[in-house]
Amino acid sequence: MEIKKISPSDTWSIRQSVMWPDKPLTYVQLAEDENGLHYGVFENAELLSVISLFIENENAQFRKFATQVTHQGKGHGSALLNFLIHECEKKQIKNLWCNARTSAYPFYQKFGFEIVSETWTKDGIEFVKMSKTLKTQI
Ligand SMILES: CC(C)(COP(=O)(O)OP(=O)(O)OC[C@H]1O[C@@H](n2cnc3c(N)ncnc32)[C@H](O)[C@@H]1OP(=O)(O)O)[C@@H](O)C(=O)NCCC(=O)NCCS
């Protein structure tokens, strides 16, 4: 398994097929994508899991975290999220947050993310904002 930086367009197909299979590809293309950092997990040259990071001063949001459906539950997402947390710490980011699907809440909780908002619903999916204070490196 290898984690590498990827381009925004590399993420779109996995985002769409995993998160919004009933929506067109344009639905998962973000206006902010060009300003983000994008990372992917590869195995045998196949892209299996993606995550996108958007930094604003000492805060960073990750968005559109998805693992190919047939490859979920094999540790790729955990490896990618651990990598991202470490990258953020190296970049002196103090706070990492996301708008989490409540279905993914137990997963994020294991990484030390805490709920910091009420829940809300978008397109039939329930979300909650989760946040983690990072240990920035000297
Ligand atoms: C959330 C998501 C990105 C996690 O990616 P993943 O590659 O499945 O992540 P992992 O395999 O590391 O962990 C998933 C689960 O499998 C478990 N797992 C990890 N390694 C495992 C292994 N070797 N064998 C069995 N289970 C394992 C993890 O403990 C985790 O369990 P949990 O859901 O009870 O917390 C993925 O499930 C996904 O794409 N979900 C749909 C989209 C989504 O909800 N994205 C997040 C939006 S906020």
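Computed from a predicted model, the values in this text were never measured in an experiment.

Q: Looking at this model, I keep getting lost on the UniProt feature "domain: N-acetyltransferase" (unreviewed entry) in the chain. Mind explaining?
A: The UniProt record annotates "domain: N-acetyltransferase" (unreviewed entry) at residues 1-135. Summarising residues 1-135: 24% helix, 42% strand, and an end-to-end C-alpha distance of 26 Å.

Q: Would you explain the site of the ligand in this entry?
A: Around the ligand there are 17 residues in total, and Phe65, Thr67, Gly75, Gly77 and Ser78 lie nearest to it. With respect to the ligand, the side chain of Thr67 contributes an N or O atom lying 2.8 Å from an oxygen atom. Separating an oxygen atom of the ligand from a backbone N or O atom of Lys74 is a distance of 3.0 Å. About the coverage of the ligand: the protein hides 66% of its 930 Å² of free accessible area.

Q: Explain the pairing of strand 7 (residues 125-133) to me, please; I cannot follow it from the model alone.
A: In summary, the side chains of a regular strand alternate between the two faces of the sheet. Sheet topology note: the strand 5 (residues 95-101)/strand 7 ladder contains 7 bridges and is antiparallel. Directly across from Asn99, in strand 7, lies its bridge partner Lys129. Count of turn residues in the strand 6 (residues 114-122)/strand 7 antiparallel hairpin: 2 residues, of which Asp123 carries a positive phi of about 50°.

The rules behind the values
Residues numbered from 1 in each chain as written. Predicted model: local features only at pLDDT ≥ 70, side-chain atom pairs only at ≥ 80, totals over all residues. Heavy atoms only, no water. UniProt positions renumbered as here; feature names shortened; annotations may be inferred. Helix = DSSP H or I, 4+ residues; strand = E, 2+ residues; numbered from the N terminus. Near = heavy atom within 4 Å. Polar contact = N/O pair within 3.5 Å; in protein donor to acceptor, adjacent residues only side chain to side chain. Areas by Shrake-Rupley, 256 points an atom, 1.4 Å probe, with all protein chains shown as cover. Pairing = 2+ DSSP bridges.

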